[in-house]
Amino acid sequence: MSLRQPRVRTLLSVLALALTLGAPSVSAIERFNLNDCSHLINARDAIDLDGVPHASSEKAPPLPKEAAERPAYAKFLKDRYGVEEAELTWGKTYPLLIRGGGERSFHPDFDATKAEPDPGEYDAVIIGSGPAGLTAGVYLSDAGQRVLILERDKSVGGLGQGGEHKGTHYGRGAAYIAEIEGLTAKIYKHLGIGDYKRDYPIPEPIDSFYWNGKYYEGLWENPKAMEELPQSFALFKFYLEHVTKEGHITSQPLELQDGTFDLDSMSMAEWVRRFPTEMAKLAETDADAKQVYDRFIADSKVNKGDPMKDVLGLLDLYGRSALGDHTDMISAAGFGNFYSSELGTRYTGNMGSGTMTGIIHKKLEGRSDLVTIKTEAPAAKVVTRGDGGDVYYVKDGKTYKVSAQKIVFAASLNVAARIIEGFEQQAPEQLKAIESLKFRHYLVINAHVKGHPWKKTYDLWVRDDGSYSQAETTDIIDGRWMDFQGKDGARTDDRGVLTIYLPLPEAAVHEKLTDEKAAELAERAVKKAIETLGPLAEKYDDGQQIKPLLVEVNRWLYSIHVVEPGHFKKALLLKKPLGNIHFADNNIGLPSIEEAVYRGYEAAQGALQGMKNPVRKKPKRRKKTAATPQQNSTSVRNLVSVTR
C-alpha cells in the first residue's frame, strides 16, 4: 500500500511509499539480518527458514494482568519469538515492541568544532539507506566510485524494511510494488529485482472492502463484488482503465511528461467527480461504456446528489495510506499514476517491500571494496564546497566529518532543509518549495497472533461511514499471505501476523510520538481490528478467535509527504542539485518504492557527470554486466505502488 504505491503502492505504498528513505532510529530490538538474505524465500515456499514447519502445539499463557505475571510471559515470548524482556513495553493490554520514532535522530546532538575525521576515503556520501540511497549506491559503485552510506536507523532499507522472528517473516513498512515498464523496469533488472513478476505476484483476492458492515471480497477483480457495490464503483474502474489505456496517465518522471499538469491542477476528488460526465460522452461511441453508464444511471444505490461519494469514501482510505491525505487534498496526477495500477496484480515478498530492498542491499554487500554502510549514524550538518562537500554525522556519541566530491541526499527533504548549511542563501526558491511540503507520520502495527484467524484476503480496507475519522486505520494485511500462497494455501504453522496500517492525521506531526502515545494508538488499533475481523472470521473464515500475543509498533516519522495539487510544478525545483548535493528522496515525486528507486538512479547519474574518473581498477564483476540504462523520459511507464 501505500506506503505502497504503484509504482513506496506503500504504503509502499505506502511506502512510496513514502515510503521514508532515511528511517528513524529504533530502540534496541531484534531485527532481521540483511547480511544473510537466505530469509528471502519465494512466495511459492510455505515453510520456515530451516525447512521445517513451526510446531503448533505451544500453549500460550494468558496475557499478564499484573506486573508479577510479566516475567513468565516474557519467557514465553523469548522462546516463541526470540524477544528479550528488556525490549518490551507493557501496555494496558499487550506487551509491545516499540520501534523507531526517534525524534532525536532527526536532531542529533553534535559539535562540529570537535568533529573527528572519518578514517575512510570516499568519492561520494549518500545520506539515507532507503530504496533511493541503495539504488544510488549501486550505480555509483558500478562506476568504480567509493561510497559511504549513512543511515540513522539500526538497519538499512528505510520504509522498505521487513521483520523476522525465529523464521517468521513479515513486512514492517512498505507493503508492495506494482508493475513497471520502460526505464524503471531496466533499473529493477539491474538491481537484481527484475524477475518480480515471476517471483512475487500477490495471489488474489488482493484487495477487499469491509464497508458499513458488509464484506466485499476481491473488490476490483471479483464480478460478484462489483455487482453488489453501487455501480459508481464499476463506472470508476471502467473509466480509469480507459484513460490509462489511452495514455492519459503519466508516469515517472511525472514532472517531465506531457499531460501531467492538466491533472495536477485539480484534486483527485474533483477529477473523480467528473467521471460520470466523461463516461456519458464516451458512451455515445463506445458500446461497453454505454452498458456501464446505463447500469450506473439506473442503480438506486448510487447517491443521486453526489454520485461518486461512495467511491471517494474508499479512495479517502487509499489517499491517506499512500498519498498522505484525503482525496480533496491530493493531486489528480499523482493519484492517477498510483491507482491505475491498483486495479491489477501487485507484487511483494514475504517481508513486504523489505524483500526487494534486501536483494539490493545484498548486491552492495558484495562490493565491500567500494561501499561502506554505517547504521545508527544520522547526518547532522552538510556543507557544499566548490570542489565537493562535507558531511558531519554522529556515531556512538561522537561527531565525525567526511569529505567527498559528491553528496546524494536520499533522506526526507524536510531534513535537508534543516541541516544543509547556507541553503536559503544559495537557493531560496528551492528551500521555499521544500518547506511548503506537508508530511505525515505513519504507524505500521504488526499484531503477532495465535494461529491464522483471518486469511480470506491479502489487504482488507475498512470503513464505517457512521464513525469514520482520520484517527481510524485504513487497512489490515495478512502478513503471512505470501508464505502460504494466498487464502487457499494450507497454514503449516500457528504464527499469524496481522499488519495494521495507521496513517496519523496532520496534528500528530506537531506532537512528539512518545512510547506512551505509540502504545496507546497501537492498542486502540488492535482492539478495533479484532472488533472488525472477529465477526468476519466467524462468518467467512474458520471462526478462530483473534488472540494477539505480541504487538510491534513501527513508527515512521515524516514517511509520507502529501502530494497536493500543483506538486509536480514544484518537482523541478525539488530535484535541482544544490552545489555538489544531488537530491534523491521520493519527496520529489510520489511516496513509493518505485519512485525512490528511480530518483536514486537519477541522482547517481547526475553526480557521476561531475565526478573525476577514479584511477582505481574497476572490479572484475563489472566486466560483463548489462549496460547501464540511459535516461529516457519519454519511454518511462512506471506506475507506482505501497507506501506501502
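Our structure is the block above this text.
All values derive from a computational prediction rather than experimental measurement. (Residues numbered from 1 in each chain as written. Predicted model: local features only at pLDDT ≥ 70, side-chain atom pairs only at ≥ 80, totals over all residues. Heavy atoms only, no water.)

Re the overall build of the protein chain
Here is the rule: Numbering of helices and strands starts at the N terminus; helices are DSSP runs of H or I of at least 4 residues and strands are runs of E of at least 2. Accessible surface is estimated by sampling points in the Shrake-Rupley manner with a 1.4 Å probe; for residues, cover comes only from the protein chains shown.
Across its full length, the protein chain holds 20 helices and 25 strands. For the protein chain, the exposed surface amounts to about 23,500 Å²; the carbon and sulfur share of it is 49%.

Overview of the sheet that holds strand β18 (residues 406-409)
Inclusion rule: Two strands are counted as paired when DSSP detects at least two bridges linking them. The convention used is that axes are lines fitted to C-alpha atoms, helices contributing only their stretch in contact, and that angles between N-to-C directions extend from 0 to 180 degrees. Contacts are assigned to residue pairs that have any heavy atoms within 4.5 Å of one another.
Read from one edge to the other, the open sheet built from 5 strands follows the order β14-β5-β4-β18-β24, with strand pairing classed as parallel. Edge positions in the sheet fall to β14 (371-374) and β24 (581-583), since each of these pairs with one other strand and no more. The mean inter-strand angle of the sheet, taken between neighbouring strand axes irrespective of direction, is 20 degrees. As paired strands, β18 and β24 are joined by 3 bridges and run parallel to one another. Counterpart to Ile-407 in the pairing with β24 is Ile-581. Seen against the sheet, helix α3 (residues 131-142) touches β4 (124-127), β5 (147-150), β14 and β18 and runs at an angle of roughly 165 degrees to β4.

Quick word on the pattern of salt bridges
Note the following rule: Basic side-chain nitrogens of Lys or Arg form a salt bridge, by our definition, when they fall within 4 Å of a carboxyl oxygen of Asp or Glu. The classification of residues rests on relative accessible area computed with a 1.4 Å probe and restricted to protein chains. Under 20% of the type maximum is buried, over 50% is exposed, and intermediate values are partly exposed.
Enumeration according to the criterion identifies 44 salt bridges in this entry. The salt bridge involving Asp-294 is made with Lys-290; its shortest N-O contact spans 2.8 Å. In this pair, Asp-294 and Lys-290 both sit in helix α11 (residues 287-298), 4 residues apart, roughly one turn of the helix. Judged by relative accessible area, Lys-290 falls into the partly exposed class, the value being 41%.

Describing the sheet that holds strand β15 (residues 379-385)
For sheets, the rule is that strands pair by backbone hydrogen bonds, running either parallel or antiparallel. Taken in spatial order, the 4 strands line up as β3-β17-β16-β15 in an open sheet, and their pairing is mixed. Each end of this open sheet is capped by a strand with a single partner; those strands are β3 (116-117) and β15.

A closer look at unusual backbone geometry
With an omega of 0 degrees, the peptide bond between Glu-204 and Pro-205 qualifies as cis. Mapped onto the fold, Pro-205 is located in the loop between α5 (196-199) and β10 (207-211). With an omega of -10 degrees, the peptide bond running from Gln-252 to Pro-253 counts as cis. Along the polypeptide, Pro-253 turns up in the loop between α7 (232-245) and α8 (260-264).

Here we look at helix α4 (residues 182-191)
Put simply, the rule reads: Summarising the geometry, the arc corresponds to the directions from the helix axis toward the C-beta atoms.
Listed as buried for α4 are Leu-183, Thr-184, Ile-187, Tyr-188, His-190 and Leu-191. In an axial view of α4, the angular spread of the buried residues amounts to 165 degrees, which keeps them on one side of the axis. Exposed and facing more than 90 degrees away from the buried side of α4 are Lys-186 and Lys-189. Gly-192 lies just past α4 and shows a positive phi near 100 degrees.

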